[in-house]
Amino acid sequence: MILMNDVYKTYPNGVTALNGVNVDIKQGEFVYVVGPSGAGKSTFIKLIYREVKPSKGSILINEMNMSELKEKKVPLLRRDIGVIFQDFKLLPKLTVYENIAFALEVIEESPKKIRNRVMEVLDLVGLKNKARFIPDELSGGEQQRVSIARAIVNNPKIVIADEPTGNLDPDTSWGIMKTFEEINARGTTILMATHSKEIVNTIKKRVIAIEDGLIVRDEHRGEYGYEV
Amino acid sequence: MKFRTVMRHFREGLKNIGRNGWMTVASVGAVTTTLILVGAFLALMLNLNQMADNIEQDVEITTLIDLTLNEEEITNLGNEIEELNGVETVSFSSKDDELAKLIESMGDEGRSWELFEQDNPLNHVYVVKTTDPEDTIDVADQISEMDGVQEVNYGKGVVERLFTFNKYARNIGLALIIGLVFTAIFLISNTIKITIMARSREIGIMKLVGATNGFIRWPFFIEGLMLGILGSIIPIGVILTGYYYLANNVSDRISYSFVEVLPFNPFAWQLSLIILGIGAFIGIWGSVMSVRKFLKV
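Residues numbered from 1 in each chain as written. Chains lettered and ligands numbered in written order. Predicted model: local features only at pLDDT ≥ 70, side-chain atom pairs only at ≥ 80, totals over all residues. Heavy atoms only, no water.

With that settled, consider the pairing of strand β3 (residues 125–130) of chain B. Residue and element names in this part refer to chain B. Burial runs high along β3: five of the six residues are buried. Bridge count for strand β1 (residues 61–65) against β3 is four bridges, and the pairing is antiparallel. Counted as the bridge partner of Ile61 is Val128 from β3. (Buried < 20%, exposed > 50% of the residue type's maximum accessible area, 1.4 Å probe, protein only. Helix = DSSP H or I, 4+ residues; strand = E, 2+ residues; numbered from the N terminus. Pairing = 2+ DSSP bridges.)

The following block contains the structure:
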């Protein structure tokens, strides 16, 4: 599903974010990516949905080779990956409903299916009554949930979340985690970068720790391993 | 692309006009201002061009026929002139007609010429018009060398200068119009570019969610088209009203034969269509070209 072989990433400004990463994540796995800030977690994640390209090494996502993937095919890759961004990346002028529907419009779903599916995920993230709001009218936590709804609305094979619970109160965080477990149970691969020791140590899953651009730990049912 | 996706792009494009509020107003404002200028200038240039044409069309060659020629020889001469390259019409005007015209043109003073009606000293005349007014000089030279031609008049000296002047005037006018249209394109597409730049983040997000470039571009295409059309409304209104007033007043007040503005119908309508076309084109062009920059995510 996600296979990285000796991957390096150096940005044009000379900063090296990844220093030879090897990883194999299978379909249906739930993986936490942990590590200090600036360790390379975000770059690791961005490589998967091709926001950045590797400087060296090979990456296979859903059997697609990232180094051979043509620009035209990038949208197809991204439709199979739901991304929950740290800064939400919601379209500011669209309503909550329209933001989520957008992910289905790009794959040309029928209006009926779009309507049903959007209402379904809105219900799941508990925002059914805020469908007509625009992102600015929502709290940080609510925007985060819209971002989650958009990421899962088209049943992607992989869901990637960069600090999805960072802005949420504990109750909502656990609610979101429950949602992730549910979609994971249906076979969706989940990759979640997080700083939450409590979550990692409570809901035990595979833990990949990145430090200075290298994977320093990769454990099944691992621990957070850092002091908060 | 499925039909419902086409409809979706239309809907989105139209919605964006409203969503972008002041940005839309700024773009439409830029289109409106420049199109009023372009429209007014086009109207002026096309009318001046028409006047120049009118003057040139009035240029004719008066061929004075030798008094010694008999009727048959006169007819032959006429045929000979007609066969020249570039000649459009040859019309015969007898010396009596010429005298009548002369008397009429001189008004009260012309009465003294009536004495000559018994013994008309004027020549029979062939009035020659060329298909292309610029050939006048050439044709006149050829006619003057024919037997039986006493004299050829076409306003030598004046006509040459007139043609040169018109040629320069037309070229300068054309250059000014092209320059103005390019300035308009530049101004408008820059304004649109600024409004789209503000949305570069949105374009990036759309790409990250899996939208293809085409999917992102189409609503912008529609939006640009609408901006162009909205921006043409006021210029078209101004031109129709302004030209209506002009066409109805100027022609009546100025009575030189060549000062004749192009008729309101169809000219003002044609001009409106051109303005609408330029507006739509610039709107689409500005919008699509600007989006292109931000599609590389």
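From this point on, the discussion continues.
On inspection of all chains with the given rule, the structure shows four cavities of 30 Å³ or more. For the largest cavity, the calculated volume is near 160 Å³. What lines the largest cavity is a set of 16 residues, among which Glu12, Asn16, Arg19, Glu202 and Met206 of chain B lie closest to the centre. Those elements that provide at least two residues to the lining of the largest cavity are α1 (3–19), α7 (200–208) and α8 (213–253) of chain B. Here the residues of the lining of the largest cavity sort into eight nonpolar, two polar and six charged. Approximately 100 Å³ is the volume attributed to the second largest cavity. In this structure, the second largest cavity is lined by 13 residues; those nearest its centre are Ile81, Gly82, Val83 and Arg150 of chain A together with Val209 of chain B. With three residues, the single largest contributor to the lining of the second largest cavity is strand β6 (residues 81–84) of chain A. Partitioned by chemical class, the residues of the lining of the second largest cavity number eight nonpolar, two polar and three charged. (1 Å grid on protein atoms, 1.4 Å probe; cavity = no way out; pocket = protein on both sides within 12 Å on 5 of 7 lines; lining within 4 Å. Points joined across faces, edges and corners; volume = space filled by probe spheres on them. Nonpolar A, V, L, I, M, F, W, Y, C, P; charged D, E, K, R; others polar.)

What follows is about the nonpolar core. It is characteristic of soluble globular proteins that their nonpolar side chains tend to be buried jointly. Counting 88 residues, the largest nonpolar core has Tyr32, Ile100, Val118 and Phe180 of chain A as its most contacted members. Sequence-distant contacts of Ile100 of chain A, defined by excluding residues within four places in its chain, comprise Val118, Val121, Leu122, Val146, Ala149, Arg150 and Val153 of chain A. (Core = buried A, V, L, I, M, F, W, Y, C linked by side-chain atoms within 4.5 Å. Contact = heavy atoms within 4.5 Å.)

Before going further, it helps to spend a moment on the pairing of strand β7 (residues 158–162) of chain A. All names here are of chain A. Of all the five residues making up β7, five are buried; the element is thus mostly covered by neighbouring parts of the structure. Both faces of β7 are covered, namely the face carrying Ile158, Ile160 and Asp162 and the face carrying Val159 and Ala161. Taken together, the four bridges between β6 and β7 define a ladder with parallel strand orientation. Bridged to Val83 within β7 is Ile160. For the handedness criterion, the β-α-β arrangement of β7, helix α6 (residues 170–185) and strand β8 (residues 189–193) is classed as right-handed. (Right-handed = clockwise from strand over helix to strand, strands pointing away.)

Here we take up the pattern of salt bridges. Residue and element names in this part refer to chain A. By the definition in use, this model includes 24 salt bridges over all chains. Close ionic contact of Arg206 with Glu29 constitutes a salt bridge, the shortest N to O distance being 3.0 Å. In this pair, Arg206 is assigned in strand β9 (residues 206–211) and Glu29 in the loop between β2 (16–25) and β3 (30–34), connecting sequence segments 177 residues apart. Residue Arg206 shares its accessibility class with Glu29, and that shared class is buried. (Salt bridge = Lys/Arg side-chain N within 4 Å of Asp/Glu carboxyl O.)

Residue-level contacts link 22 residues of chain B with 23 residues of chain A. Buried surface at the junction of chain B and chain A, summed over both partners, amounts to about 2,100 Å²; 58% is from carbon and sulfur atoms. The largest contributions to the chain B side of the interface with chain A come from Arg19, Leu208 and Val209 of chain B, which together make up 29% of the buried area. Joining chain B to chain A, the criterion identifies five salt bridges. Between Lys15 of chain B and Glu98 of chain A there is a salt bridge, with its nearest N and O atoms 3.3 Å apart. Here chain B is connected to chain A by 11 residue pairs in polar contact (both at pLDDT 80 or more). Residue assignment for the side of chain B that touches chain A shows that the elements contributing at least two residues are α1 and α7 of chain B. (Buried area = accessible area lost by both parts, 1.4 Å probe. Polar contact = N/O pair within 3.5 Å; in protein donor to acceptor, adjacent residues only side chain to side chain.)

This part takes up a negative patch on the surface. A contiguous patch of negative charge on the surface is contributed by Glu80, Glu82, Glu83 and Asp147 of chain B. Mapped onto the secondary structure, Glu83 of chain B falls in the loop between α3 (71–82) and β2 (87–93). (Patch = residues over 30% accessible without salt bridge, like charges linked within 9 Å, V, L, I, M, F, W, Y side chains within 5 Å. Areas by Shrake-Rupley, 256 points an atom, 1.4 Å probe, with all protein chains shown as cover. Lys, Arg positive; Asp, Glu negative; His and termini not counted. Charge placed at Lys NZ, Arg CZ, Asp CG, Glu CD.)

Glancing now at the sheet that holds β6 of chain A. Residue and element names in this part refer to chain A. The sheet built from six strands is open, its strands ordered β6-β7-β8-β3-β9-β10 with mixed pairing. In the strand order of this sheet, the two ends are held by β6 and β10 (214–219), each with one partner. The sheet shows a mean angle of 15 degrees between the axes of neighbouring strands, taken without regard to direction. Together, β3, β6, β7, β8 and β9 form the strand contacts of helix α1 (residues 41–48), whose direction differs from that of β7 by roughly 150 degrees. (Axes fitted to C-alpha atoms, helices over the stretch in contact; angles between N-to-C directions.)

Turning to the confidence of the model for chain A, a few remarks are in order. Scored by pLDDT, chain A comes out at a mean of 92, with 100% of its residues at no less than 70. For chain A, α6 of chain A is the element with the lowest average pLDDT, namely 88, and β3 of chain A is the one with the highest, namely 96. (pLDDT = per-residue confidence, 0-100.)

On to the environment of Ile25 of chain A. Residues and elements named next belong to chain A. Following the sequence through the fold, Ile25 ends up in strand β2. For Ile25 and Leu191, which are 166 residues apart along the polypeptide, the C-alpha to C-alpha distance reads 9.2 Å. Contact partners of Ile25, with chain neighbours within four places excluded, come to Met1, Ile2, Val31, Thr189, Leu191, Arg206 and Ile208.

To continue, consider helix α4 (residues 95–106) of chain B. Residues and elements named next belong to chain B. With 12 residues, α4 extends 16 Å from end C-alpha to end C-alpha; this agrees with the ideal 16 Å at 1.5 Å per step. When we look at burial in α4, the residues that qualify are Glu98, Leu99 and Ile103. The arc that holds the buried residues of α4, viewed along the axis, is 135 degrees, so those residues lie on one side. Exposed side of α4, more than 90 degrees from the buried face: Glu104 and Ser105 are the residues found there. Buried-residue contacts for α4 involve β2 and β3. (Expected span 1.5 Å × (residues − 1). Arc of directions from axis to C-beta.)

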